[in-house]
Amino acid sequence: MRNGSDIDSSPDNTPVIPQADVESRPRVTAETMAAKQRDISVSEFFAKNRHLLGFDNPRKAMLTAVKEAVDNSLDACEEASIVPEVWVHIEATGPNRFKVGVQDNGPGIVKKQIPLIFGKLLYGSKFHRLRMSRGQQGIGISAAGMYGMLTTGKPVKIISMTSEKKPAHYFEIQIDTRRNQPEIINGKGDGEDIPAGEKGHRYIADHGIEWVSHYPSPGEQSQHLRSGTRVTIELEGRYVRGRGSVDEYLEQTAIANPHVTIHYVDPDGGETTYSRSTTELPPEPVEIKPHPYGIELGQLVTMLKGSHAGTMSQFLTTSFSRISPGVAQRICEAAKVRTRANPHRIGRQEADALYAAIQNTKIPAPASNCISPIGEGLILKGLHHQLPGEFFCAATRPPAVYRGNPFVIEVGLAYGGASPTQKVTLEALAELLQESDARSLKQFLLTTFDGIGAAGVEKILTQAKLGTRQTPAKLKEEDIAQLHAAMKNVNLTEGQTMQVLRYANRVPLQFQPAACAITQAVTATNWRAYGLAQSRGQLPVGPIRLMVHMASVWVPFTSESKEAVAAYPEIMKDLRLGLQAVGRKLAIYLNRRKRVRQEGERREVFLRYLGEVATAVAAIKDSGDRSRKQLYGRLVDIANRKTAVADTKLDDRGRRIEEAEADFGENVLIVDTDGG
């Protein structure tokens, strides 16, 4: 085909390729096509589609790597009944290159499991267990190591110690993506054993292996770490503070995990410690069997083929939770299958009837001891310990079920306190402006600080006398100082948007908020009924931080990157009820504040004119000055009695300091922010 004139056209103007061109193509046979077919390993697939796991840009990739390592550390510590202590260290090693190290004081990992856990995708202990845990799929930490290898060529470094008296194990691992198998780089392919005691400490120091050997606080029971694991990944990343940052993730993790202490060193060398507010560990969740309402027909057929049970009754009672021998008999009778029938000989039609009988038989909901919610008391502790505010409340819904999977919805609310813009220092603001890729100051403020809202941004920029379209990185020192002063002084309470903290199994969800059932439930709730301003389909306005947590044996994420919860009807219903519970408590508090303020204003009006009234009455009655003073005193007493609400225990801003718990219900905390 040389040019357009060589192509003929049919009567309906469809181009016709000349026969000579068709004949000149090499013929492809079924055999040659078959020779090109080969297996695709899971790691090879995710290496090409790493955006599915949260590694779609350098900034998000670094956060995902930290998140996966911290989640694994917390799961390991809690399973071993150890109060968690986590060290997170991020160090810049070059332009857009960072070394991320995460260490815990957990039980450690046995030697033969280390290469598989960190060097093989879809390998783990949590996928087949129906019990609450942060990790689910066995992908996260090994995918983070694979991303580091792809972007920097550096292996993942792991050191793990199971006891002070036993050797520690040190590995440098790469993933063979074609085979989804680990490749051990050091120790001639077997890793290295580091001796215990002082000899081991010298070996670690001499070989430059990163390891924290002591607790930083003298208050711990043991100064030396008895066990633990550290993973170090060098990767291509981008460190930016503000929304969606590692800093924000760690702060939110501390809120939902008040039993954790996190020691954090950022790339600038700044050290931050998020201290625990309790040493009480969450109750250990119990593993359960699948609930019959949660299976599908194909899954039932597979279970029948793989069962070791001798009879149908045994199969039903041993393979599922909440099926007793009596329930199994009713299911078999409804399906017209003998209770003593061999499960391996059940045909497709009988399996179909059995599945229908299961769905139509009344079976109790699964046990809720397989999940470990935070609890209302610890939610209040976490919020009060990490966030400013004057009113805190929490609500935990009773366990519910979606597709046979039990779950619990928990909601915490913090009202009042300083805006995020008022907590930033001048130096931190200058760094944020230089690091930002926002094209305008307006975009910078909206994307860096949660809950400001467009109206708040306009207030700040008007006060600072800066234009909305100015480039953040090009601001002069005096402009930055003006902006900082405006951020400190402007009252954003009226225009501040609610900040929603989303959690699933105690893990913060920081991306894809619009696709998440939690955000959808918050925006669909009528917050105007609880005293807040709200536009249709938008978050309400006010100095509010709302924490919503879903705990489940299997959280229905919308993607492998675990960033948003799917909107099942059962989940949406419980989210709505939980939000309404904290909304009612907030409404009582806001209405009482409003009433106190109104009664105070009413008293001021009375007092303004009582002197004149007393003088006029005394003049009419021709009484003396003494009678006038007595009359004035009596009128003041009447005014105070009529406006007695204004005399309740309040601070100078009209807030009630002490409140009877029965007025709000349980799990409410009111703070005197002025008096400490």
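Structure: above.
Residues numbered from 1 in each chain as written. Predicted model: local features only at pLDDT ≥ 70, side-chain atom pairs only at ≥ 80, totals over all residues. Heavy atoms only, no water.

Draft legend 1. Examining the overall build of the protein chain more closely. Assigned secondary structure in the protein chain consists of 21 helices and 18 strands. Relative to its full complement of 676 residues, the protein chain shows a buried share of 49%. Considering only contacts in the protein chain between residues 6 or more positions apart, those separated by 24 or more positions represent 71%. With the model as given, the accessible surface of the protein chain reaches about 33,400 Å², and the carbon-plus-sulfur share is 49%. (Helix = DSSP H or I, 4+ residues; strand = E, 2+ residues; numbered from the N terminus. Buried < 20%, exposed > 50% of the residue type's maximum accessible area, 1.4 Å probe, protein only. Contact = heavy atoms within 4.5 Å. Areas by Shrake-Rupley, 256 points an atom, 1.4 Å probe, with all protein chains shown as cover.)

Draft legend 2. View of the packing of aromatic side chains. Summed over all chains, the structure comprises eight aromatic pairs. Between Phe315 and Phe320 the ring centres are 5.9 Å apart and the planes differ by 85°, which places this aromatic pair in the edge-to-face class. The pair Phe315 / Phe320 is uniform in exposure class, with both members buried. Among the aromatic residues, ring-to-ring pairing joins Phe391, Tyr415 and Tyr589 into one connected group. (Phe/Tyr/Trp six-rings, centres within 6.5 Å; stacked < 30°, edge-to-face > 60°.)

Draft legend 3. Broad picture of helix α14 (residues 426–435). Within the sequence span of α14, burial applies to Ala428, Leu429, Leu432 and Leu433. The arc enclosing the buried residues of α14, seen along the axis, measures out at 135°, which places them on a common side. (Arc of directions from axis to C-beta.)

Draft legend 4. Structural view of the packing of α14 against helix α15 (residues 441–448). Across the interface, α14 lies against α15 with an axial gap of 11 Å and an inter-helix angle of 110°. Taken as axis vectors, α14 and α15 run roughly perpendicular relative to one another. As for how α14 packs across α15, the hand of that crossing is right-handed. Residues Leu429, Leu432 and Leu433 of α14 lie in contact with α15, whose contacting residues are Leu441, Phe444 and Thr448. Its residues assigned to classes, the contact of α14 with α15 comprises five nonpolar, one polar and no charged. (Axes fitted to C-alpha atoms, helices over the stretch in contact; angles between N-to-C directions. Parallel < 35°, antiparallel > 145°, perpendicular 65-115°, else oblique. Left-handed = near helix turned anticlockwise from the far one by under 90°. Nonpolar A, V, L, I, M, F, W, Y, C, P; charged D, E, K, R; others polar.)

Draft legend 5. Spatial organisation of the pattern of salt bridges. Applying the stated criterion across every chain yields a total of 15 salt bridges. In this structure, Asp71 and Lys67 form a salt bridge, with 4.0 Å as the shortest nitrogen-oxygen distance. Residue Asp71 and its partner Lys67 are located together in helix α4 (residues 58–79), separated by four residues, close to a single helical turn. Judged by its relative accessible area of 10%, Lys67 is buried. Linking Arg134 and Glu78 is a salt bridge whose minimum nitrogen-to-oxygen distance equals 2.7 Å. Of this pair, Arg134 sits in the loop between α5 (114–119) and α6 (140–152) while Glu78 sits in helix α4, and the two are 56 residues apart along the sequence. The same class applies to Arg134 and to Glu78, which are both buried. (Salt bridge = Lys/Arg side-chain N within 4 Å of Asp/Glu carboxyl O.)

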